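Chain by chain, the residues:
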Amino acid sequence: MSDTIDYGNLMHDAMRDLIRKVLIDVSTAGLPGEHHFFINFDTHHDGVELADWMRDRFPEDMTIVLQHWFENLSVDADGFGVTLNFGDSPETLYVPFDAINTFVDPSVEFGLRFEVEAPHHPDLHLASEKDAKLPEEAAPVEDPEHKATKSDPEPEKVSKAHQDAEVVSLDSFRK
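Model, not experiment: these values are computed from the prediction.

**Observations concerning the pairing of strand β2 (residues 61–66)**
Moving on, step 1. Across the 6 residues that make up β2, a large majority, 5, are buried.
Moving on, step 2. Pairing geometry for strand β1 (residues 37–42) and β2, over 6 bridges, is antiparallel. Looking at the pairing, N40 lines up with T63 of β2.

Listed below in C-alpha cells is the structure:
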C-alpha cells in the first residue's frame, strides 16, 4: 500500500468513466435536447483507429463533433467507436478514453480537459471552453439534412457561451 492517496489519477479515472457513461446513454437513446459534444483527442495515441488521410491532416490532435449526423456509436470499457461523415464520405474511427484531451458539451457549458504532465501520470482539469480551447481546424462533420454543419456552431459562439463556466484545478489539492 502507498503512503499517499493518488487523488489525481482517481479523478482522472472518474472523469473518463463519466464520459463513458454519457456516451453509452447516447448510443442507446440518442442525444437529448440540444446536447452535442466536441471531443478532441490525440491522433497518435496507442489504440486510436482512423483513416491515414485523417492522421495526415491532423498530425497531433483532432476534434470531432457528435451532433447532427453520426451512426454506429459503440462504447466499450476502453473507448468508443463511431462513424462520421467527412465531406460526404463516411469514416469509422475508434478513440480510447485515454486519448481524449477535451470533452465539451456547449449546450450546458460543461467541459473537461485532460493534461499529461509526464507519460502515464495524467493530470485533470475541469475546464471552461475558455481554457479548453478547441483547435482552429476542427474536423467538419456534415449532416445531409443540415448543410451548414461545417460552420455551425462557430467557434467564437461556442467560446463566448462558455466564458462563465467554472474552472476547477486538481493542482490546488496537491502537496
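Structure's up, so let's keep going.
**Comments concerning the nonpolar core**
Moving on, step 1. One finds F41, I64, F80 and L93 to be the most contacted residues of the largest nonpolar core, which totals 28 residues.
Moving on, step 2. If you list the elements that add at least two residues to this core, you get α1 (7–29), β1, β2, β4 (79–86), β5 (89–96), β6 (100–105) and β7 (110–118).
Moving on, step 3. Not counting residues up to four positions away in its chain, the partners in contact with F41 are V48, L50, E60, D61, M62, I64, L93, V95, A99, I100 and N101.

**A few points about the environment of P106**
Moving on, step 1. Tracing the chain through its elements places P106 in the loop between β6 and β7.
Moving on, step 2. The spacing of P106 and H36 is 70 residues in sequence and 7.0 Å in space, taken between C-alpha atoms.

**Thoughts on the environment of A51**
Moving on, step 1. Tracing the backbone shows A51 in the loop between β1 and α2 (52–57).
Moving on, step 2. When its relative accessible area of 18% is taken as the criterion, A51 is described as buried.
Moving on, step 3. Taking the C-alpha atoms as reference points, A51 and T92, separated by 41 residues in sequence, lie 8.0 Å from one another.

**Concerning the side chain of T63**
Moving on, step 1. With respect to the element layout, T63 can be found in strand β2.
Moving on, step 2. For T63, a relative accessible area of 0% puts it in the buried group.

**Let's talk about the pairing of β4**
Moving on, step 1. A large share of β4 lies buried, amounting to 8 of its 8 residues.
Moving on, step 2. Side chains G79, G81, T83 and N85 of β4 all project onto a buried face; the interleaved residues F80, V82, L84 and F86 project onto the opposite face, where all are buried too.
Moving on, step 3. One ladder, built from 3 bridges, connects strand β3 (residues 71–75) with β4; its direction is antiparallel. Of the residues in β4, the one forming a bridge with E71 is T83.
Moving on, step 4. With antiparallel pairing between neighbouring strands as the criterion, β3 and β4 make up a hairpin whose turn holds 3 residues.
Moving on, step 5. Pairing between β4 and β5: 8 bridges, direction antiparallel. Across the sheet, residue G81 finds its bridge partner in β5, namely Y94.

**Let's talk about the packing of aromatic side chains**
Each pair of aromatic rings is reported with the distance of its centres and the angle of its planes.
Moving on, step 1. One pass over the structure, following the stated rule, counts 3 aromatic pairs.
Moving on, step 2. Between W53 and F86 the ring centres are 5.8 Å apart and the planes differ by 80 degrees, which places this aromatic pair in the edge-to-face class. Remark: F86 occurs in strand β4 and W53 occurs in helix α2; sequence separation between them is 33 residues.
Moving on, step 3. Judged by relative accessible area, which is 7%, F86 ranks as buried.
Moving on, step 4. Here the aromatic rings of F80 and F97 are separated by 6.3 Å at their centres, their planes lie at 40 degrees, and the arrangement is tilted. Of this pair, F80 sits in strand β4 while F97 sits in the loop between β5 and β6, placing them 17 residues apart in sequence.
Moving on, step 5. F97 sits in the buried class, given a relative accessible area of 4%.
Moving on, step 6. When the ring centre of F114 is taken as origin, the NZ or CZ atom of R16, which lies over that ring, is 3.5 Å away.

Rules used throughout
- Residues numbered from 1 in each chain as written.
- Predicted model: local features only at pLDDT ≥ 70, side-chain atom pairs only at ≥ 80, totals over all residues.
- Heavy atoms only, no water.
- Buried < 20%, exposed > 50% of the residue type's maximum accessible area, 1.4 Å probe, protein only.
- Helix = DSSP H or I, 4+ residues; strand = E, 2+ residues; numbered from the N terminus.
- Pairing = 2+ DSSP bridges.
- Core = buried A, V, L, I, M, F, W, Y, C linked by side-chain atoms within 4.5 Å.
- Contact = heavy atoms within 4.5 Å.
- Phe/Tyr/Trp six-rings, centres within 6.5 Å; stacked < 30°, edge-to-face > 60°.
- Lys NZ or Arg CZ within 6 Å of the ring centre and 35° of its normal.

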